[in-house]
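Inside the fold
The lines below spell out each chain.
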Amino acid sequence: MTPLDDADHRALLIRDAHHALDFFDASIRAAGGFHVLNLDGTHLPGAVQELHTTTRLVHSYALAQMAGRPDRAGIVDQGMDWLWRAHRDPDHGGYLWALNGTTPVEGPKLAYGHVFVLLAASSAKMAGHPDADRLLTDITQVLDRHYWDDDAGLFRDEFTRDWRVFSTYRGMNANMHGVEALLAQHEATGDDRPLDRAGRILEFFIAGQAARHGWRIPEHYDDRWQPDHAYAGNPMFRPAGTTPGHSFEMARLLLQWWDLAGRPGADAPAQASALVETALADAWLPGGGLAYTLREGRVDNAARYWWPVTEAIGALAALIKLDPQPQDALWYRRLWDFAQSALIDHRHGGWFPELAPDGTPDARQFVGKPDIYHAIQADLLPLVPGLSRAAQALAATKPLKRNGTAD
């Protein structure tokens, strides 16, 4: 029996998901949009809201709704309204990265944010939201017109608000989440074009870049799509070096794409295993947890954030579903043991985003609990049997449905 089949572990996943959703229900802001929450669930001061927060809440609560937990707070409705009415740029098209109330905060239009709009729209469509189709149509047009580089088979990264080119930067992070969104779009619509695009992105970064760099994926590139190993940008979104947490995400997405594409060839499972094994060997720290960044395979930034642990859980769950191996089950249990002892907030719900060297919650990079997105997927993805179509499987099995009732 694998850990994914263990009844006690599955009950833990369901409890953690409910506890986190109960916590993030407090995100609703009366004036529209969402509050950022402190560790105890109170509202942090300030009205600035970023696009990835809005979209990730929509996606997460759409998944939970399909899994049988009603959206009591109205997160999906509020988020879909806020995306269309506030984040959507009425002057230039596309979606604004940050708002202060309803006032745009000056800054570029990022592919990273726009692919999350695609993810939110796709998940909302699978959950049956009435506004999903208009959002899906609009964001697909924006991505096609401005971000997709068909010659390269990759997404460009950033423009000014009125779509002027100001940067030669290209990055893996936006493309990785682009794969996530494209696969969701394919699952929501049946359109094969997003699946083909996701495959092109994965081919470049995994069979191309990772295979040439010891199964570590360079994060940063120039406009000729050559790795820029010296680049160092925003420490949250574009840190220097390589990011092992992204190797876990890419491994899981590769297996999802491979499954959706009809399992072509035998390369994808071996590549996914190489990414996961290398990242675990490189980044697991003596006191538990995963280092944030590496330089040439050695720990560069040893900060311990919650999201690499959640993404390692998701990748290992996928490998276990495909071909159960003792070492994958061992790592899966080790990661959950660490999460239970150090990262999950058993009192309030949700996961602490960052740990100090002594193992207590810290706030050097993150203030409060940024979002539910990474943790809810670590709870929900292991509950379904397949490598792909998790949303449909959640809707069919409704693991979050309680006592045969709606909640």
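The present account deals with the structure reproduced in this document.

Definitions and cut-offs
Residues numbered from 1 in each chain as written. Predicted model: local features only at pLDDT ≥ 70, side-chain atom pairs only at ≥ 80, totals over all residues. Heavy atoms only, no water. Helix = DSSP H or I, 4+ residues; strand = E, 2+ residues; numbered from the N terminus. Rg over C-alpha atoms; globule rule 2.2 N^0.38 Å. Buried < 20%, exposed > 50% of the residue type's maximum accessible area, 1.4 Å probe, protein only. Contact = heavy atoms within 4.5 Å. Areas by Shrake-Rupley, 256 points an atom, 1.4 Å probe, with all protein chains shown as cover. Pairing = 2+ DSSP bridges. Axes fitted to C-alpha atoms, helices over the stretch in contact; angles between N-to-C directions. Lys, Arg positive; Asp, Glu negative; His and termini not counted. Salt bridge = Lys/Arg side-chain N within 4 Å of Asp/Glu carboxyl O. 1 Å grid on protein atoms, 1.4 Å probe; cavity = no way out; pocket = protein on both sides within 12 Å on 5 of 7 lines; lining within 4 Å. Points joined across faces, edges and corners; volume = space filled by probe spheres on them. Nonpolar A, V, L, I, M, F, W, Y, C, P; charged D, E, K, R; others polar. Core = buried A, V, L, I, M, F, W, Y, C linked by side-chain atoms within 4.5 Å. Arc of directions from axis to C-beta. Parallel < 35°, antiparallel > 145°, perpendicular 65-115°, else oblique. Left-handed = near helix turned anticlockwise from the far one by under 90°. Expected span 1.5 Å × (residues − 1).

Some points on the overall build of the protein chain
For the protein chain, the count of helices and strands is 13 helices and 12 strands. Compactness check: the protein chain gives a C-alpha radius of gyration of 20 Å against a globular reference of 22 Å for 407 residues, within 12% of the reference. Principal axes of the C-alpha set define a box for the protein chain whose edges measure 55 × 50 × 45 Å. Classification of the 407 residues of the protein chain by burial places 60% in the buried group. Partitioning the contacts of the protein chain with sequence separation of at least 6, the portion at a separation of at least 24 is 65%. Taken as a whole, the protein chain presents about 15500 Å² of accessible surface, with 49% of it coming from carbon and sulfur.

Re the sheet that holds strand 12 (residues 354-355)
As a general point, the strands of a sheet are linked pairwise by backbone hydrogen bonds and lie either parallel or antiparallel. Taken in spatial order, the three strands line up as 10-11-12 in an open sheet, and their pairing is antiparallel. Edge strands, defined here as strands with exactly one partner in the open sheet, are strand 10 (291-295) and strand 12. Pairing geometry for strand 10 and strand 11 (residues 298-305), over four bridges, is antiparallel. Residue leucine 294 lies in a different strand from strand 11, and its bridge partner there is valine 299. The strands touched by helix 10 (residues 306-322) are strand 10 and strand 11; relative to strand 11, the strand with the most contacts, the crossing angle is about 95 degrees.

Section: the side chain of aspartate 379
Positionally, aspartate 379 belongs in helix 12 (residues 373-380). Lacking a salt bridge, the buried aspartate 379 has arginine 15 as its closest oppositely charged neighbour, with an N-O distance of 9.9 Å. If sequence neighbours within four positions are ignored, aspartate 379 has contacts with Leu13, Asp16, Ala17 and Trp336.

A word on empty space enclosed by the protein
Picture a little ball the size of a water molecule; that probe, rolled over the atoms, points out where space is still empty. Across all of its chains, the model carries five cavities of 30 Å³ or more by this definition. Reported here for the largest cavity is a volume of approximately 310 Å³. Along the wall of the largest cavity there are 24 residues; nearest its centre are Arg252, Gln256, Gln377, Leu381 and Ala390. By residue number, the principal contributor to the lining of the largest cavity is helix 10, which donates four residues. Taken together, the residues of the lining of the largest cavity break down into 12 nonpolar, seven polar and five charged. In this structure, the second largest cavity is lined by Trp215, Arg216, Ile217, Thr242, Thr243, Pro244, Ser247, Thr278, Ala279, Asp282 and Leu294. Put simply, the parts of the chain that give the lining of the second largest cavity at least two residues each are helix 8 (244-260) and helix 9 (267-283). Per-element tally for the lining of the second largest cavity: the top contributor is helix 9, with three residues. Classifying every residue of the lining of the second largest cavity by side-chain character gives five nonpolar, four polar and two charged.

Some words on the nonpolar core
If you look at the biggest cluster of nonpolar residues, it comprises 129 residues, and the most contacted ones within it are Phe205, Met250, Tyr332, Trp336 and Trp351. A total of 11 residues in this core trace back to one element, the largest contributor, which is helix 10. When neighbours within four sequence positions are excluded, tryptophan 351 is seen to be in contact with Asp16, Trp306, Val309, Thr310, Ile313, Trp336, Ala339, Leu343, Ile344, Asp345, Lys369 and Ala375.

Re helix 13 (residues 390-397)
For the α-helix, the turn length of 3.6 residues means that residues three or four positions removed from each other point alike. All buried positions along helix 13 are accounted for by Ala390, Ala391, Ala393 and Leu394. For helix 13, the angular spread of buried residues about the axis comes to 165 degrees, placing them on one side. Of the residues trailing helix 13, lysine 398 is marked for its positive phi of about 45 degrees.

Describing the pattern of salt bridges
Scanning all chains against the criterion turns up 26 salt bridges. The residue aspartate 22 makes a salt bridge to arginine 69 at a minimum N-O spacing of 2.8 Å. Here arginine 69 lies in the loop between helix 2 (51-66) and helix 3 (75-87) and aspartate 22 lies in helix 1 (residues 7-24), a separation of 47 residues in the sequence. Relative accessible area serves as the criterion here: at 34%, aspartate 22 is assigned to the partly exposed category. Residue aspartate 81 pairs with arginine 85 through a salt bridge whose shortest N-O separation is 2.9 Å. Residue aspartate 81 and its partner arginine 85 are located together in helix 3, separated by four residues, close to a single helical turn. One network of salt bridges, in which partners are shared, links Asp22, Asp25, Arg69 and Arg72.

Re the packing of helix 9 against helix 10
The interhelical angle for the contact between helix 9 and helix 10, taken along N-to-C directions, is 140 degrees, at an axis separation of 11 Å. For the element pair helix 9 / helix 10, the angle class is oblique. The element helix 9 and its partner helix 10 pack so that their crossing is left-handed. Contact with helix 9, carried on its side by Pro269, Ala272, Ser273, Val276 and Leu280, involves Ala315, Leu316, Leu319 and Leu322 of helix 10 and no other residues of that element. Residues belonging to the contact of helix 9 with helix 10 are distributed by class as follows: eight nonpolar, one polar and no charged.

A closer look at the environment of phenylalanine 155
Relative to the helices and strands, phenylalanine 155 resides in strand 6 (residues 154-155). Separated by 180 residues in the primary sequence, phenylalanine 155 and leucine 335 have C-alpha atoms spaced 32 Å apart. Dropping the residues within four chain positions of it, phenylalanine 155 is found in contact with Val115, Leu143, Tyr147, Trp148, Asn175, Gly178, Leu182, Ile201 and Trp225.

A few points about helix 9
End to end, helix 9 covers 24 Å across 17 residues, agreeing with the expected 24 Å (1.5 Å per residue, within 8%). Of all 17 residues that make up helix 9, 12 are buried, and the element is covered over most of its length. Inspection of helix 9 places Ala268, Pro269, Gln271, Ala272, Ala274, Leu275, Val276, Thr278, Ala279, Leu280, Asp282 and Ala283 among the buried residues, and these make up the whole buried set. On its buried face, helix 9 is in contact with helix 7 (192-212), helix 8, strand 10, strand 11, helix 10 and helix 11 (326-343).

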